[in-house]
Amino acid sequence: MRLTTAALLLAGFTTIGAVAQGTNNANATVSAMDKSADPCVDFYQFACGGWKKNNPIPSDQPIWSRFGELAERNRTVLRGILENAGKATNRNANEQKIGDYYATCIDEDAINKKGIAVLKPEFDRINGLKDKAGLPALLAHMHSQGIDGVFSFYSGADFKNAKEVIAQADQGGLSLPDRDYYLKDDPKSVELRKAFVEHVANTFKLLGDSPEKAAAEAKAVMDIETALAKGSMDRVERREPEKIYHKLSSQDWQALTPSFSFTAYLNGMGTPAFTSLNVATPDFYKALDAQLKNVNLDDLKTYLRWHLVRSQVQSLPKAFVDEDFNFYGKTLQGTKELRARWKRCVAATDGDLGEALGQVFVEKYYPPEAKDRTLKMVKQLEDALRRDIGDLPWMSAATKKQALIKLEAIENKIGYPNKWRDYSTLKIERGDALGNSLRANAFEVHRQLAKIGKPLDKQEWQMTPPTVNAYYDPTENDINFPAGILQPPFYDFKADDALNFGGMGAVIGHELTHGFDDQGALFDPQGNLKNWWTPEDEKAFKERTQCLVDEYDSFVAVDDVHVRGKLTLGENTADNGGLRIAYMALVKSIADSGKQPEKIDGYTPEQRFFIGWGQIWCQNQTDQMARLLAQNNEHSPGDYRTNGVVQNMPEFQKAWGCKAGQQMVRANACHVW
Ligand SMILES: [Zn+2]
């Protein structure tokens, strides 16, 4: 759980699978549609009905989407790079690392043969815990190798002095996706908890414990995590930066949890010295203290053993991986089959050595022209947002002036970092899967913590180059588009402008608008949490965003589960504003060209723009995944990302000739940006 409020384009749950798709040519656009649907009644079905019908969820996926298709294409490319790097001679340092990491990960037989003996040194440490006073040093040893548990500790920009990186202490230590899973009493939640406890027990049985002992251990894990969940802050509340900002002295942090020596913990972590930090959730640290007093030492060791296995399961024998998939893949997400090992190993290499792998990916598959084209489009979108802000009827001149200063200050990062990460101190050894994973984690934890007390480095990226996603970071005030997304169907240099503005244009608009959503609007041009609004304008803004909260609250995700209007507000604001300014940019681009483009496949440029938007959100997902995402994810499902936006837009209704009373014409249309 990270404190950073960086707003992504879509859920971090993107997975891959099935057959690689071709480029988004005109035929692909038409065949994805369902022309029998009425665009004014259900535009999503009209734009995506054909795609949905022809793209059932692959058995190794919980969700299948246009993002997933592209991620799959990228992953196939990465596989080729990794297989070559595993075999090649005369490798450079990065090629050795990615090649040996992947070759070791893919060798399941060797991992099975080694068995759980690889965990022995870590288990010995946990078993050697003599009293609770030894916990800080043990936990530091685990955290410094990326093994989670008890709480979270990391570094991040100081919200109120964004130039500087400070230490951040946060809630953590859970194994289910959210605190609510431990606390809710509806039948689905109760059933899921039961399945989770069984899963934990099964894992202990695989470690060699008797069924009775394993059951008692699973209960101990559940009890500890439930206590931590009770002390945790709700996901919706966490969206308010002020609620997760509490700058405390180290002594005041310690006073919240007297039972745990943070001095001993920080010594073990080897962090730079500091005297104050952000304690995101002070109440959690109070609850943690009570829990540490109550819990007995054996249960604590059981809990730590569980987190060790859980965090390193991908480097363990197949039986552990299957058991993990059985709960997290099958029960929680509704996925039928475990992904092929190569897909998991590509993902692991990307996760642990993303910029070493990404560097090769970019050299081979990301031409410099692609960067220029994207930058040109970013400029067009910035210009549209500038005009949009200037025209807003509800905002005073004083606040508009500030908003424009913020817009001018947004930095654009396209494709890949200017300066690549240096992995030279990270040792990757052929044949040592667990060691590679732990050393890569340790490298990353150290890299992050070494930033404490240093100036914020805005050149860094939070996503790897092959990632099919994008983000806005409010403390950096920048938009970031990895090379992985700058391809069809988002951007196709063979397609018409209208389609590209509806795809990549709207994605750029989305990220720019994040600078002005309910979170982004709280940060100033320098990335500080500082109000730049007049009170009247702030009130008008909140009234307008409330319209979006109400609209999306009314949408049903699956069964009785609704989209959560407050949880998804930032994303919905970005979708609505982003599509509107992309439309403005298209209209201007057509006007500047001096000639109206001809219809393509029978559709005007305006119509194709909206088809382009709808089609980046085509998706199929399991009911379990729909439930999981609606409860925990800040993005609305694809159908509402399409219909929820167009029904607010007179431009859409004009393009398609929709009439009042039809579903895609909302009576009380919302309009923020
Ligand atoms: Zn977003």
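For the structure itself, look to the data block above.
**Some words on the packing of helix H17 (residues 368–391) against helix H18 (residues 397–409)**
In step 1: Contact geometry of H17 with H18 gives a least axis separation of 10 Å together with a crossing angle of 170 degrees. With respect to each other, H17 and H18 are oriented roughly antiparallel. Contacts between H17 and H18 pair Glu382, Leu385, Arg386, Ile389, Gly390 and Asp391 from the former with Lys400, Ala403, Leu404, Leu407 and Glu408 from the latter.
In step 2: Classifying every residue of the contact of H17 with H18 by side-chain character gives five nonpolar, one polar and five charged.

**Thoughts on the side chain of glutamate 460**
In step 1: Along the chain, glutamate 460 turns up in the loop between helix H19 (433–449) and strand S8 (471–473).
In step 2: Among the polar contacts made by the side chain of glutamate 460, one reaches the side chain of arginine 447 at a distance of 3.3 Å.
In step 3: Within the structure, the side chain of glutamate 460 is placed 3.1 Å from the side chain of lysine 451, a separation counted as a polar contact.
In step 4: Not counting chain neighbours up to four residues away, the residues in contact with glutamate 460 comprise Lys413, Arg421, Arg447, Lys451, Tyr471 and Glu476.

**Some thoughts on the packing of aromatic side chains**
In step 1: Applying the stated criterion across every chain yields a total of 47 aromatic pairs.
In step 2: Relative to phenylalanine 260, the ring of phenylalanine 151 has its centre 5.5 Å away and its plane inclined at 90 degrees; by these criteria the two rings are edge-to-face. Of this pair, phenylalanine 151 sits in the loop between helix H7 (135–143) and strand S3 (152–158) while phenylalanine 260 sits in the loop between helix H11 (250–256) and helix H12 (262–269); the two residues are 109 residues apart in sequence, bridging distant segments of the chain.
In step 3: The exposure class assigned to phenylalanine 151 is buried, which follows from its relative accessible area of 2%.
In step 4: Consider the rings of tryptophan 533 and tryptophan 673, whose centres lie 6.4 Å apart with planes at 65 degrees: the pair is edge-to-face. Here tryptophan 533 is found in the loop between helix H20 (497–514) and helix H21 (535–553), whereas its partner tryptophan 673 is found in the segment after helix H26 (650–656), with 140 residues between them in sequence. Note on accessibility: tryptophan 533 and tryptophan 673 belong to one class, buried.
In step 5: Ring pairs connect the aromatic residues Phe151, Phe153, Trp253, Phe260, Phe262, Tyr265, Phe274, Phe284 and Tyr285, which therefore count as one cluster.
In step 6: A cation over a ring is seen here: arginine 305 above phenylalanine 123, with NZ or CZ 5.7 Å from the ring centre.
In step 7: Looking at lysine 371, its charged tip hangs above the ring of tyrosine 416, at a distance of 4.4 Å from the centre.

Reading the values: the criteria
Residues numbered from 1 in each chain as written. Predicted model: local features only at pLDDT ≥ 70, side-chain atom pairs only at ≥ 80, totals over all residues. Heavy atoms only, no water. Axes fitted to C-alpha atoms, helices over the stretch in contact; angles between N-to-C directions. Helix = DSSP H or I, 4+ residues; strand = E, 2+ residues; numbered from the N terminus. Parallel < 35°, antiparallel > 145°, perpendicular 65-115°, else oblique. Contact = heavy atoms within 4.5 Å. Nonpolar A, V, L, I, M, F, W, Y, C, P; charged D, E, K, R; others polar. Polar contact = N/O pair within 3.5 Å; in protein donor to acceptor, adjacent residues only side chain to side chain. Phe/Tyr/Trp six-rings, centres within 6.5 Å; stacked < 30°, edge-to-face > 60°. Buried < 20%, exposed > 50% of the residue type's maximum accessible area, 1.4 Å probe, protein only. Lys NZ or Arg CZ within 6 Å of the ring centre and 35° of its normal.

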